[in-house]
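The chain contents come next:
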Amino acid sequence: GHSAVIYFDLDRFRLVNATCGHEAGDDLLQWVATRLHEFLGPSDSAGRIGGDEFAILLVGRELGEGERLAHDVQRRLLEFRFGFQEKTFSVGASFGLVSFGAETRRAADVLSAADHACRQAKDAGRGRISVYVEDEAMAQTRSSIQWVASIQRHLEEGGLRLFGQSIHALSP
């Protein structure tokens, strides 16, 4: 079966950090992390990946369920007002979703696809949800990156030998 990853980052985190300090930023991150677990099923997991970025892994669940969950998390974030001293912030997030199956080899590929979708959502405007769809250009980029990695690996392991031949003009 298929699984899905939801990748999101908070829209206002830097603002909270800049105006209220890192302690407030930490409080906000902890609040988000705690809320996330309220949405998870028994085989799902979630965590903070870095900075203000979070990921949710939905094991054996279809993309549609992932979209519903992303909307639920988004709604919960938007209802919340983060208060620190006299300041109050609304906290939104941009979401990227990617679906993957058993044929997927590397977790890094899934995460980078979800991250890509998240950036597309961000570009589309605050609080958007974007589903990753690989277009031709992306497939080509991914393919060339894989070729480069493959060639480098073969060079390191001695699986490739490079030969040179000098070229001379036939007439002076």
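Here, the structure is the one placed above.
Residues numbered from 1 in each chain as written. Predicted model: local features only at pLDDT ≥ 70, side-chain atom pairs only at ≥ 80, totals over all residues. Heavy atoms only, no water.

Section: the overall build of the chain
At step 1: On a plain count of helices and strands, the chain comes out with 5 helices and 7 strands.
At step 2: Ordered by position in the sequence, the α and β elements of the chain form the string β-α-α-β-β-α-β-β-β-α-β-α.
At step 3: Rg of the C-alpha trace for the chain: 22 Å, well past the compact-globule value of 16 Å for 172 residues, more than 25% over.
At step 4: With the principal axes as the frame, the chain shows a C-alpha extent of 85 × 40 × 30 Å.
At step 5: A burial count over the chain gives 34% of its 172 residues as buried. (Helix = DSSP H or I, 4+ residues; strand = E, 2+ residues; numbered from the N terminus. Rg over C-alpha atoms; globule rule 2.2 N^0.38 Å. Buried < 20%, exposed > 50% of the residue type's maximum accessible area, 1.4 Å probe, protein only.)

Re the nonpolar core
At step 1: In terms of nonpolar packing, the biggest core is built from 29 residues, with Phe-8, Leu-10, Leu-28, Ile-56, Leu-77 and Phe-82 touching the most fellow members.
At step 2: Those elements that place two or more of their residues in this core are strand E1 (3–10), helix H1 (13–20), helix H2 (22–36), strand E3 (53–58), helix H3 (63–79), strand E4 (81–84) and strand E6 (93–100).
At step 3: Element by element, the count of residues in this core is highest for H2, at 6 residues.
At step 4: Ile-56 has contacts with Ala-4, Val-5, Ile-6, Phe-8, Leu-36, Leu-40, Ser-45, Ala-46, Leu-69 and Val-73, leaving out every residue within four places of it along the chain.
At step 5: Within the second largest apolar cluster, 10 residues are counted, among which are Val-98, Phe-100, Ala-117 and Cys-118. (Core = buried A, V, L, I, M, F, W, Y, C linked by side-chain atoms within 4.5 Å. Contact = heavy atoms within 4.5 Å.)

Concerning H2
At step 1: Taking 1.5 Å as the rise per residue, H2 with 15 residues should run 21 Å; its terminal C-alpha atoms sit 21 Å apart, in good agreement.
At step 2: Within the span of H2, buried status applies to Ala-24, Gly-25, Leu-28, Leu-29, Trp-31, Val-32, Arg-35 and Leu-36. The arc enclosing the buried residues of H2, seen along the axis, measures out at 160 degrees, which places them on a common side. Among the exposed residues of H2, those oriented more than 90 degrees off its buried face are His-22, Glu-23 and Gln-30.
At step 3: For H2, the elements touching its buried residues are E1, H1, strand E2 (45–50), E3, H3 and E4. (Expected span 1.5 Å × (residues − 1). Arc of directions from axis to C-beta.)

Considerations on helix H4 (residues 107–124)
At step 1: Taking 1.5 Å per residue, 18 residues should reach 26 Å; H4 reaches 26 Å between its end C-alpha atoms and fits that length.
At step 2: Considered for burial, the residues of H4 that qualify are Val-110, Ala-113, Ala-114, Ala-117, Cys-118 and Ala-121. Viewed end-on, H4 has its buried residues packed into an arc of 140 degrees, placing them on one side of the element.
At step 3: Against the buried residues of H4 lie E1, E6 and strand E7 (129–131).
At step 4: In the stretch just after H4, Gly-125 is the one whose phi turns positive, near 125 degrees.

Note that all results are geometric; they support no functional claim without further evidence.
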